[in-house]
Structures are given as structure tokens and as C-alpha cells.
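Remarks on the overall topology
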Amino acid sequence: MAKRSPLTAARGALVSMVLLMIVMAAGIFGTTHAGGSWGPKLALDLSGGTQMILSPKVNGSQNESVSQEQLNQAVEIIRQRVDGAGVSEAEVTTSFGSGNNVVVSVPGTISAETRALIQASANMSFRPVLASGSGAATPQESRTPDDKLPKPDAEPKDNSDKNWITAELQKEYEAKDCTAGHNEDAENQDPGKPIVACSTDGTEKYILGRVELSGNDIATASHSQESSGQGVTTGRWGVNIEFKDQGVTTFKDVTSRLNSIRGQNPADPRSRFAIMLDGKVLSSPTSQAVISDGKSQITGNFTEDQAKALADQLKYGALPISFSIQSEQQISATLGSEQLKVGLLTGLIGLLLVFIYSLFQYRLLGFVTMASLIVAGIISYEAIVLLGWALNYRLSLAGVAGLIVAIGATADSFIVYFERIRDEIRAGRTIPSAVNHGWKRASRTILASKAVNLLAAVVLYVVSVGSVKGFAFTLGLTAIADLIVVYLFTHPTLTLLANTRYFGKGYRHSGLSPESLGATPLYRGAGRFRKPDEDYVSIAERRRAARAAEDKDVTGTPEEKKEA
């Protein structure tokens, strides 16, 4: 297959650039029918939002024995939950010493799902099932007589041993009415003792053994659709969990024990284990095999949103304390639209200064710089709007600052490219050849520069919180946009211009004039070569002169000169 000519490749790249912009614009248009808009979402400092004051609860009591360490841990977990995408810039702070409250400020209007996510403690535990039955309370006449109640005659051998079931536990189990909607609170359950618990829908109740695994043993969690044993998707949603190293070993031992019980009696409820969240049994699957890799899936007739919310809770950890909402109110923007206007005006002034400098330094090539910056701005704007709809990204004043800084960083790429082209022209190349060779040298420098910018943005994003994340995010986003524009717009545009009469011949105001750069092309086309010029020496001539000087420095016999 023949290699495409530079002109064909340049036209193809420009077409790709236009198609990318059209596709992104079409994506924004599509989001407007799903609640999106043509404008970016604004963060708390520019648009205001909702402020919630949360009061901690310990063992059912308000503000009892709450430490600063617990509050700080809760703040970090709540921030990660609310800001799952990392860029919505919610503010979560403590007011320790004046009520021990946690203050959560969220941009815009807070949804019911976010409110529930903030309050949920997400205390997950895994307990073996000792007995199970219908969720309704056992009728009085059908309950076990006192003389036939369980009387353990030995110490339990393991957590699935029936000797855990005492007379008191059996009475509590039979009297329990899960259909009434009452479930035990997670903080009131002793992890070292068996308990009576209900399923989330109230249709089943259990006697459960001691906690064998907790949420602290979970390494990560995600949501996906369930798959059958043949790998066929069922259409239902589940939560995938992976345990940490110690949890992997424990989970393997648990499934081995339950699988052994199932082998002896498939109908024995002790072959099941209960997955509990905040005191309620989400699911109680039967162990079908020994799971040695620590990977499992929680099923429970979840919707996609429910599965995602649960996965986020488990991934970001359980709150050390639970909260109740003390107050909720709308708050105005902390900075407001005036600061946004000032920020945008600052950006326009910076853009104008870069344009003036480019015209002064590069003549008409300055228009290529300006056009490239405009295209980069359009790409960045479209990306910000789409990310606002997809990932709840919100533009803050710090993010605007990142966009302003990006103007100079983006212009740097064009300056590096133009200067490489000029170096090639000074070396005696024709302008089309100088553009191609200059691009080969400049592209490596640009890639290295943007890799450093992107790495710095990623590090800053990872280690920072709040508005600094917004600055780092826009800095990284514009670095990617810069690379796209340089490869798909700036270089193709220069390639096409270099093959026009005005730029290709290097007229005075083109920015590529050999005379203005102190060089004359070795070959001017149409069989015309440059005239001897004492003030100009090409690279080839300099190399020949250097070799001649070396030959003069060699002394001795002709054989020695030949060896030298």
C-alpha cells in the first residue's frame, strides 16, 4: 500500500478534527434531551447549592463520645461518596467543639439518592446462617414449648455449629416479625455473638452466627450485570466485591465449610451465609463452590442505581459513626458571577496578549496560533460540558484559573514547532521540507512537555482535595486537548500553507521568509540555485570546511595521512 502524501495526510487530519468537534457538539445536543444543557455546570463557589448540617449518633445517642478522629474519618468518607467522580467539588468540613457536627455543602440541589448516600453508614458484615424461615412471627400456638427449646450441650466447634442457638435466641427468633418493617440497628449488634435478623424485604428471618468478615476486609467494589454459569447476562444488577489478603483466606475457609455442609445435606440452611448491610440481610446465597480468589458477587434484585450506590458505599468504606440531618438550607454562591466574569475577562486579555506577541514574532503565522487556541478552547469547552453531564464535573473559579494557565502552555507547543521550522529554514531547507523535518523534531519535544504537564496534573489531582482538584483536572484536560489540536489542526494547517505560493515562497510577512531569518534556500525551484553568499554557510559547507581543517592538521608521511 502506497504511503499517503503529506498533503493528503494533512487534509485527512483536518477532516478528523472537524468530525471530532461535530461529534462532541452532537453529544451535547443529545444530553439536552436528558436533562443536560449547552453550558457547563458550575461549582459551589460560582452557583451556590445546598448545605446540610449532620449530627453524629453513637449507640443511638446524639453527640455522645464522638472523637475528632471519628469526625475526620467520617468527613473523608462522605467527601469521597458525594464526590465519587472527584471533580464536583463538594465541601465537607467539621465543626468540632460547637456541636460536633459535619457540614456538607453540595453544588446545586441535592438529590434524594445523594442525601441517603451521605447518611448511610454502610456497615457491611458476613455471618453464617444457623436457621431461617418465613419473615412473619410464629403464631403463639406453634412456638416451641419450653421443654423442647435448644439446650447446647457443648462448646461450638465453628461459627456454623448449632450449639450457638440458645433457648433465648430461639424465642427471639420465633417472636420476630420482619413483615412489620423493624430491623435491628447495625450499631446494636455484637459482632462476637449470634443474632436474629431480617431480610431487606421482610420476607425472611434468620438466626445468624458471629461475624466472619466485615466491610474493612473489602479491597474494592463495583457494579455490573449478573451472569449465569454459562456466561450469559441475566439483565439483573449485582455488586462485585474483592477482599483484601486476609479476607481472601478467611472467605476461602468460610466457603469451604459451607460447601462441606451442603454436600452432607443440600437443604441445610447452614450451607448459606448472610451478607448484611446496616443490620439488614441483603442476600443469603448458598455456597456452591470453594472461592479461593476472594472475588464474589452480591445479588438482591438491585436496580442499576441501587447497585452503583451500594458499590460506592463499600468501596469508600463504612462510616465510623452514623448521622442524622439537623438542618438543610440553600446557600448562595461563595464568590458569585462577578468573579467568574473577572476570570473570563482575564482569560480574554491573556489570549489577546498571546495573539499580539504571535503577530509580532511570527507575522501571519500568528493567525495559525490564534486559530489553534480557538479550536483548543472549543474542544475543552465541549469536553467540560460533556463531563458535567456524564461525571457531574463542575467548573469552579480554580478550574477557570487552570484554563487561563493552559493558554500559555498551549501556545508553548506552537512556539516550539515554529522555532524548529525556522531552524530548518536557516539550515537551508525549502519551506515545505522545513515544515516536515521541523515537525519530526518538534513533536518529540511537545510530547515530552505535555507528558510532564499531564503527570503534574495527575499527581496534584490525587494528593489534593476541594477546589485544587478542579484546577488540576482542567490543567490535565487542556494538556490532552493541546496534543489533539497540535496533531490534528496546527501541523496539518502549516503543511497546507507551506504548499501555497505565499507561504511556500517565504514572502516577507509570512513568518517563514529565509531573508528575514538570515538564510537563503540552497534550491529555489525551477532550476534556480542560490548565488554565492559570503555571509551564509550551509551545514554541508561547514562540514566540508571542518574536514579540510582536520586534514591540514595531519602531518607525517602520506601513509600516516591516509591512516589519519
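Residues numbered from 1 in each chain as written. Predicted model: local features only at pLDDT ≥ 70, side-chain atom pairs only at ≥ 80, totals over all residues. Heavy atoms only, no water.

Considerations on the confidence of the model for the protein
Caution is warranted with low-pLDDT regions, since their predicted coordinates should not be read in detail. When pLDDT is averaged along the protein, the result is 80; 84% of the residues meet or exceed 70. Per-element confidence in the protein ranges from a low mean pLDDT of 46 for strand E2 (residues 61-62) to a high of 92 for helix H1 (residues 6-31). pLDDT under 50 marks residues 521-535. Its contacts with residues more than four places away, or in other chains, come to 16 contacts. (pLDDT = per-residue confidence, 0-100. Helix = DSSP H or I, 4+ residues; strand = E, 2+ residues; numbered from the N terminus. Contact = heavy atoms within 4.5 Å.)

Digging into the UniProt feature "transmembrane region" (unreviewed entry) in the protein
Here the UniProt-annotated "transmembrane region" (unreviewed entry) positions come out as residues 12-30, 342-360, 367-391, 397-418, 446-464 and 470-489. With 100% helix and 0% strand, the stretch residues 342-360 has end C-alpha atoms that lie 27 Å from each other. Secondary structure content for residues 397-418 is 100% helix and 0% strand, and the end C-alpha separation is 32 Å. (UniProt positions renumbered as here; feature names shortened; annotations may be inferred.)

Here's the deal with helix H6 (residues 245-264)
Its 20 residues give H6 an end-to-end C-alpha distance of 30 Å, which sits within 8% of 28 Å, the value for a rise of 1.5 Å per residue. Every buried residue of H6 is accounted for by Gly247, Val248, Thr250, Phe251, Val254, Thr255, Arg257, Leu258 and Ile261. (Expected span 1.5 Å × (residues − 1). Buried < 20%, exposed > 50% of the residue type's maximum accessible area, 1.4 Å probe, protein only.)

Structural notes on the layout of surface pockets
There is about 660 Å³ of room inside the second largest pocket. Sorting the residues of the lining of the second largest pocket by element identifies helix H8 (337-362), helix H9 (365-391), helix H10 (397-426) and helix H12 (467-498) as the ones contributing at least two each. Per-element accounting of the lining of the second largest pocket gives the leading share, seven residues, to H9. Residues of the lining of the second largest pocket, tallied by class, amount to 18 nonpolar, six polar and one charged. (1 Å grid on protein atoms, 1.4 Å probe; cavity = no way out; pocket = protein on both sides within 12 Å on 5 of 7 lines; lining within 4 Å. Points joined across faces, edges and corners; volume = space filled by probe spheres on them. Nonpolar A, V, L, I, M, F, W, Y, C, P; charged D, E, K, R; others polar.)

Remarks on the nonpolar core
Membership of the largest hydrophobic core comes to 27 residues, with the highest contact counts inside it found for Leu365 and Ile421. The set of elements that each furnish at least two residues to this core consists of H8, H9, H10, helix H11 (431-463) and H12. Here the element with the most residues in this core is H10; it accounts for seven residues. The residues touching Leu365, leaving out its near neighbours within four places in the chain, are Phe418, Leu494, Phe503, Ser510, Gly511 and Leu512. (Core = buried A, V, L, I, M, F, W, Y, C linked by side-chain atoms within 4.5 Å.)

Concerning H10
With 30 residues, H10 should reach 44 Å at 1.5 Å per residue; the first-to-last C-alpha distance of 44 Å fits that figure. Along H10, the sharpest change in direction is near 25 degrees and occurs at Ala406. Just beyond H10, the residue with positive phi is Gly428, at close to 105 degrees. (Bend = angle between axes of the 7 residues up to and from the residue.)

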